[in-house]
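Chain and residue survey
The lines below spell out each chain.
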Amino acid sequence: MNNKALFNLSYGLFVVTAREGEKDNGCIINTVTQATSSPVQITIAVNKQNYTHDMILRTGSFNVSILSEKADFALFKHFGFQSGRETDKCSDEAPVKFRRSENGLVYLTENANAYLSAKVKSSVDLGSHTLFIAEVTDAEVLNEEESVTYAYYHKNIKPKPEKTSEEKKGWICTICGYIYEGEVLPEDFVCPICKHPASDFKKL
């Protein structure tokens, strides 16, 4: 099977945020779809290794900030390449501007063109991810900027790998650029940066 065929599916990119107690957190996902129109329901799939996943599972609420083409790589690094278990991604010092919606959760006010607030109605265990089915409780358009797609991110935002004179042997994550050094990549390997599986690596 050629897993690269999946890259041709049309994806957006989003920051999903949650709040538990006094802790705000968020992560990058590419799996938000509208499921029904009456009531308005969406589905999101969140990797179980993300701290935001556990917060949504326990609280049943989340916001989705729909990222625009104005989003830069620093935003993706901030929400995608570090864990909320060790970092306060939504602190006053964070390089991202937020506001709180009526449900008390944060959403991005820059680099996003809209946000959705949602309440989880049910969830499905998908192995590496949990699929959350949720009813949209609030939504707002922030600006008219184009939504960023997965393809646009790879072509225009994600830095290209640096070329070195030394020939490295290993595997590179096609999602975030992490390099695994070694001749054989274990089938169950998970990228320590973006949490994608071995199928998203290619040989250097």
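Before any of the text, the structure's been laid out above.
Below you will find a few notes about this structure. Computed from a predicted model, the values in this text were never measured in an experiment. (Residues numbered from 1 in each chain as written. Predicted model: local features only at pLDDT ≥ 70, side-chain atom pairs only at ≥ 80, totals over all residues. Heavy atoms only, no water.)

Overview of the sheet that holds strand β2 (residues 23-29)
- Spatial ordering of the open sheet is given by β2-β1-β5-β8-β9-β4-β3, a layout of seven strands whose pairing is antiparallel. The open sheet has two free edges, formed respectively by β2 and β3 (32-37), since each of these has just one partner strand. Strand-to-strand twist in this sheet, taken as the mean axis angle between neighbours without regard to direction, amounts to 35°.
- Relative to strand β9 (residues 129-141), strand β4 (residues 40-47) runs antiparallel, the two sharing seven bridges. (Pairing = 2+ DSSP bridges. Helix = DSSP H or I, 4+ residues; strand = E, 2+ residues; numbered from the N terminus. Axes fitted to C-alpha atoms, helices over the stretch in contact; angles between N-to-C directions.)

Notes on the pattern of salt bridges
- Taken as a whole and judged by the stated rule, the model has ten salt bridges.
- The salt bridge partner of Asp24 is Arg19, with a shortest N-O separation of 2.6 Å.
- Arg19 gets classed as partly exposed once you look at its relative accessible area, which sits at 21%.
- Between Arg100 and Asp24 there is a salt bridge, with its nearest N and O atoms 2.6 Å apart. Separated by 76 residues along the polypeptide, Arg100 in strand β6 (residues 98-100) and Asp24 in strand β2 bring together distant segments of the chain. (Salt bridge = Lys/Arg side-chain N within 4 Å of Asp/Glu carboxyl O. Buried < 20%, exposed > 50% of the residue type's maximum accessible area, 1.4 Å probe, protein only.)

Structural notes on the packing of aromatic side chains
- Here the structure, examined in full by the defined rule, presents seven aromatic pairs.
- For the pair Phe189 and Phe201, a centre-to-centre distance of 5.5 Å together with 80° between the ring planes defines the contact as edge-to-face. With Phe189 in the loop between β11 (179-181) and β12 (201-203) and Phe201 in strand β12, this residue pair connects regions lying twelve residues apart in the sequence.
- Taking relative accessible area as the criterion, Phe189 reaches 15% and is therefore assigned buried.
- Exposure remark for Phe201: the relative accessible area of 7% places this residue in the buried category. (Phe/Tyr/Trp six-rings, centres within 6.5 Å; stacked < 30°, edge-to-face > 60°.)

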